[in-house]
Amino acid sequence: MDHAQLLSSLLVSVGYRLPVMIALGVALVLLLGAPKAVARSAALWALAILMAVTLLGAALSVLPLLMIAAGNFDGIAGLNTWLGIGHFMLSLLEAAGFVLLAWALARALRGNAGAPG
């Protein structure tokens, strides 16, 4: 694998996550303009978790490509199990981020229930 193929593969791998990162960035900007409250803090933590999971997922998906480029084919076979465990742990963290975000939304909506709409 030459450098052009490696760079192309890396860009495609990271590019798959670009729409999610843009959406999380927009959500972050929207939350930064919201008044300070417990729900806002929880939502910011949820976005931080989701952003970290997205970046770590990109790193995990790029790791085998880097090993192939280095010619370490024996390491890839052993890495498969660890990548599966890593992706599972990231899925758990992502689920926690979504639950925290939903909790923050529910808390914010309950706080506004008495306001005239």
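In this text, all values refer to a predicted model and were calculated from it rather than measured experimentally.

Basis of the calculations
By convention here, each chain's residues receive numbers from 1 onward along its written sequence. Under the rules for a predicted model, residues below a pLDDT of 70 receive no local features and side-chain atom pairs below 80 are neither given nor counted, while totals for whole chains, interfaces and linings still include all residues. Where side-chain values are given, they derive from all heavy atoms of the structure, hydrogens and water being excluded. Each helix corresponds to a stretch of at least 4 residues labelled H or I by DSSP, and each strand to a stretch of at least 2 residues labelled E; elements are numbered beginning at the N terminus. Using C-alpha atoms as the atom set, the radius of gyration is obtained and then compared with a globule rule of 2.2 Å times the number of residues to the power 0.38. We call a residue buried when its accessible area falls under 20% of the maximum for its residue type, exposed when it is over 50%, and partly exposed in between, using a 1.4 Å probe and counting protein chains only. Any two residues whose heavy atoms approach within 4.5 Å at even a single point are treated as in contact. Accessible surface area values rest on a Shrake-Rupley calculation with a 1.4 Å probe, where residue burial reflects the displayed protein chains alone. We define a nonpolar core as any set of buried Ala, Val, Leu, Ile, Met, Phe, Trp, Tyr and Cys residues linked to one another through side-chain atoms lying within 4.5 Å. Multiplying one less than the number of residues by 1.5 Å gives the expected span of a helix. The directions from the helix axis to the C-beta atoms form the arc being described.

A. Structural view of the overall build of the protein chain. The number of helices and strands found in the protein chain is four helices and zero strands. Ordered by position from the N terminus, the helices and strands of the protein chain form the series α-α-α-α. Here the C-alpha radius of gyration of the protein chain, 19 Å, is well above what a compact globule of 117 residues would show, namely 13 Å. With the C-alpha coordinates of the protein chain rotated into their principal frame, the extents come out at 65 × 30 × 20 Å. Buried residues in the protein chain amount to 23% of all 117 residues. Partitioning the intrachain contacts of the protein chain with sequence separation of at least 6 by distance along the chain shows that 71% fall at a separation of at least 24. Looking at the protein chain as shown, the accessible area adds up to about 7,900 Å², and 74% of this sits on carbon and sulfur atoms.

B. Representation of the nonpolar core in the model. With nine residues, the main nonpolar core is built from Leu-24, Leu-31, Ala-39, Ala-42, Ala-43, Leu-47, Leu-50, Met-51 and Ala-104. Secondary-structure elements contributing two or more residues to this core are α2 (18-32) and α3 (38-70). Sorting elements by how many residues they give to this core places α3 first, with six residues. Discounting residues that sit within four places of it in the chain, Leu-47 has contacts with Leu-24, Ala-27, Leu-28 and Leu-31.

C. Structural view of the side chain of Thr-54. Following the sequence through the fold, Thr-54 ends up in helix α3. Note on Thr-54: relative accessible area 10%, which makes it buried. If near-sequence neighbours (up to four positions away) are discounted, Thr-54 is found in contact with Arg-17, Val-20, Met-21 and Leu-24.

D. View of helix α1 (residues 3-15). Between the first and last C-alpha of α1 there are 18 Å, a value that for 13 residues agrees with the 18 Å anticipated at 1.5 Å per step. Among the residues making up α1, those that are buried are Leu-6, Leu-10 and Ser-13. Angular distribution of buried residues about the axis of α1 spans 65 degrees; they occupy a single face of the element. Away from the buried face of α1 by more than 90 degrees, exposed residues Ala-4 and Leu-11 are located. If you follow the buried residues of α1, they end up packed against α3.

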